[in-house]
Structures are given as structure tokens and as C-alpha cells.
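Now for the letters of each chain:
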Amino acid sequence: MSLKFGKNSARLFFMFLLITINATFFTIPDISDAFSSLATYHIKKLVFYMCVIMFLVLCITRKRFLSLCISWNPKDIYGNLVKYYLIMVAITMVLSSRLYSAQSLSQIFSMYYYFFIIIAYFFIIYWMKSEKEFCDNLCRMIAFVGSMYAIYMIVSKVVYMVSKEEIVLFSKTTALMQVRSGGLRLAQCGDMIGFSSILILGMWIRERNIRKKIVYLCLMITNLVFLLWVSQTRALIVAIVLAFVFTYLFCGKLTQGKMFTIIAGMIIMVGLLGNISNFLGTFSLQGDYYYSTYLRLSGYSYYLSKAFSNGIIGIGLIANNIYGHILHGTGSLSLTISDMGYCGFIGEFGLLGILFLIFWFIIIIKDIITIKKMKMEKEMGVFIGLFVYTTIGFWSLGFSDVQRSYYFPVIIAIFSNGHSVLEIRKKVSY
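Conventions we followed
Along each chain, residue indices are assigned from 1 in the same order as the chain's sequence is written. Local features in this predicted model are restricted to residues whose pLDDT is 70 or higher, and side-chain atom pairs enter the listing and the counts only when it is 80 or higher, whereas totals over whole chains, interfaces and linings include all residues. The basis for the side-chain values is all heavy atoms of the structure; hydrogens and waters are excluded. In this text, helices come from DSSP runs of H or I with a minimum length of four residues, and strands from runs of E with a minimum of two, each type numbered from the N-terminal end. The rule is simple: take the accessible area with a 1.4 Å probe, protein chains only, and divide by the maximum for that residue type; under 20% is buried, over 50% is exposed, in between is partly exposed. Residues count as neighbours in contact if any of their non-hydrogen atoms are within 4.5 Å of one another. Methods summary: accessible areas were calculated by the Shrake-Rupley approach with a probe of 1.4 Å, and residue burial reflects only the protein chains presented. Take the residue count of a helix, subtract one, and multiply by 1.5 Å to get its expected span. To define a nonpolar core, start from buried Ala, Val, Leu, Ile, Met, Phe, Trp, Tyr and Cys residues and group those joined through side-chain atoms within 4.5 Å. Note on method: axes are straight lines fitted to C-alpha atoms, helices fitted across the in-contact stretch only, with angles between N-to-C directions ranging 0 to 180 degrees. Crossing handedness: left-handed means the near helix sits turned counterclockwise from the far one by under a right angle, and right-handed means the same turn made clockwise. Each residue gets one label: Ala, Val, Leu, Ile, Met, Phe, Trp, Tyr, Cys and Pro are nonpolar, Asp, Glu, Lys and Arg are charged, and the others, such as Gly, are polar. A patch is a set of surface residues, each over 30% in relative accessible area and not in a salt bridge, joined within 9 Å for like charges and within 5 Å for the nonpolar side chains Val, Leu, Ile, Met, Phe, Trp and Tyr. Salt bridges are defined as contacts in which a side-chain nitrogen from Lys or Arg sits within 4 Å of a carboxyl oxygen from Asp or Glu. Every angle not falling under 35 degrees, over 145, or within 65 to 115 is termed oblique; those three ranges are roughly parallel, roughly antiparallel and roughly perpendicular.

(A) The overall build of the protein, seen in detail. Across its full length, the protein holds 18 helices and two strands. In the protein, which comprises 430 residues, the share counted as buried stands at 53%. Considering only residue pairs separated by 6 or more positions, the protein has 75% of its internal contacts joining residues 24 or more positions apart. In the form shown here, the protein has an accessible surface area of approximately 19,900 Å², with 66% of it arising from carbon and sulfur atoms.

(B) Expanded view of helix H9 (residues 190-206). Between the first and last C-alpha of H9 there are 25 Å, a value that for 17 residues agrees with the 24 Å anticipated at 1.5 Å per step. Summarising burial for H9: 16 of the 17 residues are buried, a large majority.

(C) Main features of the nonpolar core. Counting 136 residues, the largest nonpolar core has Met-15, Phe-123, Ile-124, Leu-138 and Phe-356 as the members making the most contacts within it. Among the elements that make up this core, the one with the highest residue count is helix H16 (residues 341-373) (13 residues). Excluding residues within four positions of it along the chain, Phe-123 makes contact with Phe-14, Met-15, Leu-18, Cys-51, Met-54, Phe-55, Leu-58 and Phe-65.

(D) Quick look at the packing of helix H3 (residues 45-61) against helix H4 (residues 63-70). Between H3 and H4, the least distance of the axes is 5 Å, while the angle of their chain directions is 115 degrees. Here the hand of the crossing between H3 and H4 comes out left-handed. Facing H3, whose interface residues are Phe-55, Leu-58, Cys-59 and Thr-61, H4 presents Lys-63, Phe-65, Leu-66 and Cys-69. The residue makeup of the contact of H3 with H4, split by class, is six nonpolar, one polar and one charged.

(E) Representation of a nonpolar patch on the surface within the structure. On the surface, Trp-72, Ile-87, Ile-91, Phe-308, Ile-312 and Leu-351 cluster together into a nonpolar patch covering about 580 Å² of accessible area. Residue placement: Ile-312 occurs in the loop between helix H14 (290-305) and helix H15 (320-327). Looking at Ile-312, the relative accessible area reads 37%, which means it is partly exposed.

(F) Fine view of the pattern of salt bridges. All told, the structure shown has two salt bridges when counted by the stated rule. With a shortest N-O distance of 3.9 Å, Arg-11 and Glu-131 are connected by a salt bridge. With Arg-11 in helix H1 (residues 9-22) and Glu-131 in the loop between helix H7 (120-130) and helix H8 (134-163), the pair connects residues that are 120 residues apart, well separated along the chain. In terms of burial, Arg-11 and Glu-131 fall into one category: buried. The partner of Asp-136 in a salt bridge is Arg-206, and the shortest N-O contact between them spans 3.4 Å. One end of the pair, Asp-136, is in helix H8; the other, Arg-206, is in helix H9, and 70 residues separate them in sequence. A residue is classified by how much of its surface remains accessible, and Arg-206, at 33% relative accessible area, is partly exposed.

(G) Main features of the environment of Phe-144. Within the secondary structure, Phe-144 sits in helix H8. In this structure the C-alpha to C-alpha distance between Phe-144 and Leu-199, which are 55 residues apart in sequence, comes to 9.9 Å.

(H) The packing of H1 against H3, seen in detail. Two elements in contact, H1 and H3, have axes whose closest approach is 9 Å; the angle formed by their N-to-C orientations is 160 degrees. One finds that H1 runs roughly antiparallel with respect to H3. The two elements H1 and H3 meet at a crossing, and its hand is left-handed. Judged by residue contacts, Phe-14, Leu-17, Leu-18, Ile-21 and Asn-22 of H1 engage Leu-46, Val-47, Met-50, Cys-51 and Met-54 from H3. Considered class by class, the residues forming the contact of H1 with H3 number nine nonpolar, one polar and no charged.

As C-alpha cells, then:
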């Protein structure tokens, strides 16, 4: 997997820093502990500050970038979607400060600053348009970093299984480290590795060089081992597996070779899971996962019921320590809005959130139809894979959650870049 560095490789290095920080420095001791007040699994202040600084620097030094940010070009559909998102968040913040008198606008911003990390979209897409290789290089880098992270976590679990002692490879601030039935579960980096898996799939579909295909295949297997054996995040596993199957089927004709690959992949997946019935049982209302499944179903119902509770917004953006009974629901349940995917998003932003989701799906589905008509499936494998992954995964893993706030603008930028490629190909074909 080679990176083709251009004269502006500093841009790629900046993106690498953001990815590394967002991954909490891969939970390496001393490094991540030193930044525990700025960059953890639940705190993304350092990422936010870096995005704001880069955004302001480019606004001051690049007139074309400033025009990209403030203009409303009907043809820039993904850029307009991001601008709508920012307006939606700003309106919700203002209305929340008025509706809930015990919290000020500044307090709301200090708690929900991560929603504005989406401004990273503007400099990412600006760099993609300025440098031809930037999008491919960015995808390769994320894929490589994600795979290295997966290997690191797999080794960490092996070390734990052998020593049964405290894992020295991890930072003290490592979150979501659980022991179940004597086995270690590390869900913290699942989002990043899941995201990188989809990028690898898209590049594998597009790649023609056999050696590179083998490299991508090895990376995909590594990431799947992590997701199934180490992370064990059910919604993420389902999203990844279905994204793999649908993308593979969508990108060309269904041949015997494809059927064989899918069947072989399913057999390998069953082998990795050990017992497929146990895995499927985790989604039922019985057994060890009863409370988790029941909690999620209850959350869907609760947050959807709040979608129109405050006019054009739902419950809004509120302080946990003051309005926790609204944010997490009443009674014995303790719901987490970011774990409720689309339902949580709608419960938070109400009508404004529903409109955003409608625009989101219409725009992307139109591009998917265009890809199929122009027979560009193999070239646009990353686009298709990300669409399936986000559509399925966001039912449970909210894209506006603090842990995933950085990947969202990257995903939109990749979609936007793909749309630009389609528009250029249309002009050429006509």
C-alpha cells in the first residue's frame, strides 16, 4: 500500500495527526495520559482546536477557501448539507438555552463543541480539489493506520490471555475495556477500524494489481479478526459484514467466483465467531445481553416520542448534570442518546434533524443511481461501501456522537469528492 506524496504532503501529515489524536494516541501509555484533559475517548477538544485553527488560517490566507465556506452554490450539494448541519446545530443551541433556563449558551457550547468538528469538511474537500491524489492518499492512510491499530489491539488481547495481568500496553485512560467470561473486550477503537475496513474494501474492489489486492485482503482479514474477536461491538459487526456483502454484489455482475467468495467469507466469519448462534443470541431479549437489547429498544421509543417536544427541535442540547432526567429518560433506565443512532439524532434535533436525514439520503441515493447507470461501480467502491456502512451502522452508532464526530466530515468529504468525479465523467460522456 503506497502513498503518492505531492508537493503538499504537509496536508496529509496534518490529517495523520488528527487521526492519531482522535484515536487517543492508540492508547499508548504516557502519551495519551499526558493529554487526558484534551484528548480521550469522550473528550475531543484537541481535535476541535486543531480544526478551528486550520479553518481560520485558510479563511485568512486563501480567498478561494473562504468563498467555498460562505457561498451557497446549488451545485455544491454536500457543502450545502454541511452548512445546513452547522445552522441546525446553532439554532438548536440557541433554542435550548431559551427553553432550559438553568443553562446558558456558553455552557451548551462547552458541552457540545464537538458538533462543530464538522468544519473539517471544508479544508478536507478544499485539499481534495487542490491536489488530485489527496483523496486516495487520505483513504490509504486511514486504512493503514486503522489496520496497524487493529494489530496492536489483537496483540494486546493475546498478551492479556497469556499473562492475565494488567495490560501494560494500554493507557490508564483507556475506555471500554471489559472482561467477559474470562475474555477481554476492547471496544474503544472499533469505530476507526470499522471505518478503515470499508475504505480497504473499496480500494480492494478497484485495485487491479494482484499483489496489492492480496495486501488489501490481508488487511481486511486482520480488521475482521479485531472486530469479531477483540471489539465485539454487535452493531458494528453487522454493519461491516452487510457492507462487505452488498458492496461486493453491487460492484459488477454476480458470478460464480463472487458467490464462492461470499460463501467462503461467511464460513470464515462463522469460524471466527466460534458459535454463530451465540452471536445472534446477543440481539435477543434473553441471556447476558438482555439488558443491552432492552435498553436500546426502550431508547428508540423514548427519543422518537420526544422528536417534536419543542417545536422544530426535539429535546435539544441539554446539560446532563441539570436535565439528566430528560436526557437519559425517567425511571430505572439510563439511556444514552448517542447509542440510539437515527432515533437519538431525531430525538435531539427534531424536525431539523429529520430534514437533514432526508436530504442526506436523497443526495447519496441519487449518486448511487448515477454510479450504476454510468457503470462506475468498481471505481466508486469506497463510495458505495461507505453508504451501506453508514446507513446500517448509524441505526445504532450515532454519527454525531463525540467519539465519531471526526469521521463524519471525512465521510462527507469522500462522498463529495466522488460526486465531483461523477459530474466530470458526465460532461466527458456527453
